[in-house]
Amino acid sequence: CLAYCRFSMENLEWVSKVRVNTQAVLKRAQQIQGHKVAKKQWQAAWMLKAVTCIDLTTLAGDDTPSNVHRLCMKATQPIRHDLLKSMDMHDKGITTAAVCVYPSRVADAVKSLKAANSSLPVASVATGFPAGQTPLKTRLAEVQMAVEDGATEIDIVINRTLALTGQWAALYDEIRQFREACADAHMKTILAVGELGTFTNVYKASLVSMMAGSDFIKTSTGKETVNATYPVAIVMVRAIRDYFLRTGYKVGFKPAGGIRTAQESVVWLTLMKEELGDEWLNPHLFRLGASSLLADIERQIYHYVTGRYPAFHELPMA
Ligand SMILES: O=C[C@H](O)COP(=O)(O)O
């Protein structure tokens, strides 16, 4: 339902009853990190799967049309062609899931991808990213601007003040307004979990975000001190599972911030597979928000194919 509707009593009751068992969450997170992927060729396959789920991101003060252009070119051809050919994967159309930039850079990304004849989606962070501490009017205008410039995915940040003071109905109302401003664009809602204090708050914020129409819930902006961690992910994916069981809606999950190694990307995929099942192993329900992860994945694939690690100049675009 895209029509603006207020937080119902039933929803409020659901949110207020939430309690999270911290010890159980920590134990499950440890178990998942302990899993091993047995065979090398499976690891390579998992890494390629991870590539297709990356929102290849640049969110820096010194972003320019040219580094956004390089990002877009890398997103359309994330792994060197000869490496893919050695794995017989060169004709599978492997790209990242999207590129992700600041609203002011959306037009640059759209232009670069169009020139390259690519239909990769452009995602943009909005709503006063990363702190979310600008007036609501400004945050809504930012979403509209990014959509007008061609972003088809919007990563909004929630108002942490409302979450930390328990104003869940007000948070819901804000997110509903962002949902409307997004129009047809997909909305990913960033909880900034490192600033929410408790697992219970993380679960409540996840629920409220889903109730308000988020297509994805996302851990972090990448700018908090603590970003995507496995325990917090367990809390969020269980909220996704509970929401699905109760409503039938499938909401996606996007860990983001500080994810830098190929090995971590495999742990994230394992977590999704075990907690939510194979359907959540695809870009329409899983994304990895990362600026430097792809470089390590390409390096590990190079090693898988050639038996040695590349010199810096051998993977220049990474
Ligand atoms: O949403 C994506 C994050 O901002 C990326 O964070 P990262 O630079 O730590 O990979």
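Residues numbered from 1 in each chain as written. Predicted model: local features only at pLDDT ≥ 70, side-chain atom pairs only at ≥ 80, totals over all residues. Heavy atoms only, no water.

Reading across the sheet, the eight strands line up as β7-β6-β5-β4-β3-β2-β1-β8 and stay open at both edges, with parallel pairing between neighbours. Single-partner strands in this sheet number two, and they are β7 (252-254) and β8 (288-290). Shown here is a sheet whose adjacent strand axes are inclined to one another by a mean of 25°, direction ignored. Looking at chain direction, strand β2 (residues 98-101) and strand β3 (residues 122-126) are connected through three bridges and run parallel. Looking across to β3, one finds that C100 is bridged to A123. Along the sheet, helix α4 (residues 65-76) makes contact with β1 (54-57) and β2, crossing β2 at roughly 160°. (Pairing = 2+ DSSP bridges. Helix = DSSP H or I, 4+ residues; strand = E, 2+ residues; numbered from the N terminus. Axes fitted to C-alpha atoms, helices over the stretch in contact; angles between N-to-C directions. Contact = heavy atoms within 4.5 Å.)

Moving on, we get to the packing of α4 against helix α6 (residues 106-115). Relative orientation of the contacting elements α4 and α6 amounts to 45°, with a least axis distance of 9 Å. Between α4 and α6, the crossing angle belongs to the class labelled oblique. In the packing of α4 onto α6, the handedness of the crossing is right-handed. Along the contact surface, α4 presents P65, V68, H69, C72, M73 and T76, while α6 presents D108, A109, S112 and L113. Grouping the constituent residues of the contact of α4 with α6 by class yields six nonpolar, three polar and one charged. (Parallel < 35°, antiparallel > 145°, perpendicular 65-115°, else oblique. Left-handed = near helix turned anticlockwise from the far one by under 90°. Nonpolar A, V, L, I, M, F, W, Y, C, P; charged D, E, K, R; others polar.)

Under the defined criterion, the tally for this structure stands at five aromatic pairs. Relative to W268, the ring of Y230 lies with its centre 4.7 Å away and its plane at 45°, an arrangement referred to as tilted. Taken together, the positions of Y230 in helix α11 (residues 230-247) and W268 in helix α12 (residues 262-276) put the pair 38 residues apart, joining distant regions of the chain. A ring pair is formed by F244 and W280, whose centres lie 6.0 Å apart and whose planes are at 70°; its orientation type is edge-to-face. (Phe/Tyr/Trp six-rings, centres within 6.5 Å; stacked < 30°, edge-to-face > 60°.)

We now examine the side chain of K204. Looking at where K204 falls in the secondary structure, it is placed in helix α10 (residues 199-211). Although K204 is buried, it makes no salt bridge; E13 carries the closest opposite charge, 13 Å away. Not counting chain neighbours up to four residues away, the residues in contact with K204 comprise V15, S16, V18 and W168. (Buried < 20%, exposed > 50% of the residue type's maximum accessible area, 1.4 Å probe, protein only. Lys, Arg positive; Asp, Glu negative; His and termini not counted. Salt bridge = Lys/Arg side-chain N within 4 Å of Asp/Glu carboxyl O.)

Tallying each qualifying case throughout the model produces 25 salt bridges. Across the salt bridge formed by K188 and D55, the nearest N and O atoms sit 3.0 Å from each other. Of this pair, K188 sits in strand β5 (residues 186-190) while D55 sits in strand β1; the two residues are 133 residues apart in sequence, bridging distant segments of the chain. In this pair, the class of K188 matches that of D55, namely buried. In this structure, the salt-bridge partner of R160 is E195, at a minimum N-O distance of 2.9 Å. Of this pair, R160 sits in helix α8 (residues 160-164) while E195 sits in the loop between β5 and α10, and the two are 35 residues apart along the sequence. Judged by relative accessible area, which is 36%, E195 ranks as partly exposed. Within this structure, D55, E153, D155, K188, K218, K254 and R287 form a network of salt bridges that share partners.

Around the ligand lies a shell formed by T57, L59, K218, T221, G222, A256, G257, G258, R260, G289, A290 and S291. At 2.6 Å from an oxygen atom of the ligand is found a main-chain nitrogen or oxygen belonging to T221. Separating an oxygen atom of the ligand from a side-chain N or O atom of S291 is a distance of 2.5 Å. Contact with the protein chains hides 90% of the accessible area of the ligand, taken as 310 Å² for the molecule alone. (Near = heavy atom within 4 Å. Polar contact = N/O pair within 3.5 Å; in protein donor to acceptor, adjacent residues only side chain to side chain. Areas by Shrake-Rupley, 256 points an atom, 1.4 Å probe, with all protein chains shown as cover.)

In this numbering, the UniProt entry assigns the feature "active site" (unreviewed entry) to K218 and K254. A maximum C-alpha distance of 4.4 Å among these annotated residues, which run over 37 residues, shows that they cluster at one spot. Here K218 shows up in strand β6 (residues 216-218). Aside from chain neighbours lying at most four places away, what touches K218 is D155, T189, I190, L191, M236, K254 and A256. Note on placement: K254 falls in strand β7. Accessibility expressed as a relative area gives 0% for K254, which makes it buried. Looking at K254, its side chain comes within polar contact range of the side chain of D55, at 2.8 Å. (UniProt positions renumbered as here; feature names shortened; annotations may be inferred.)

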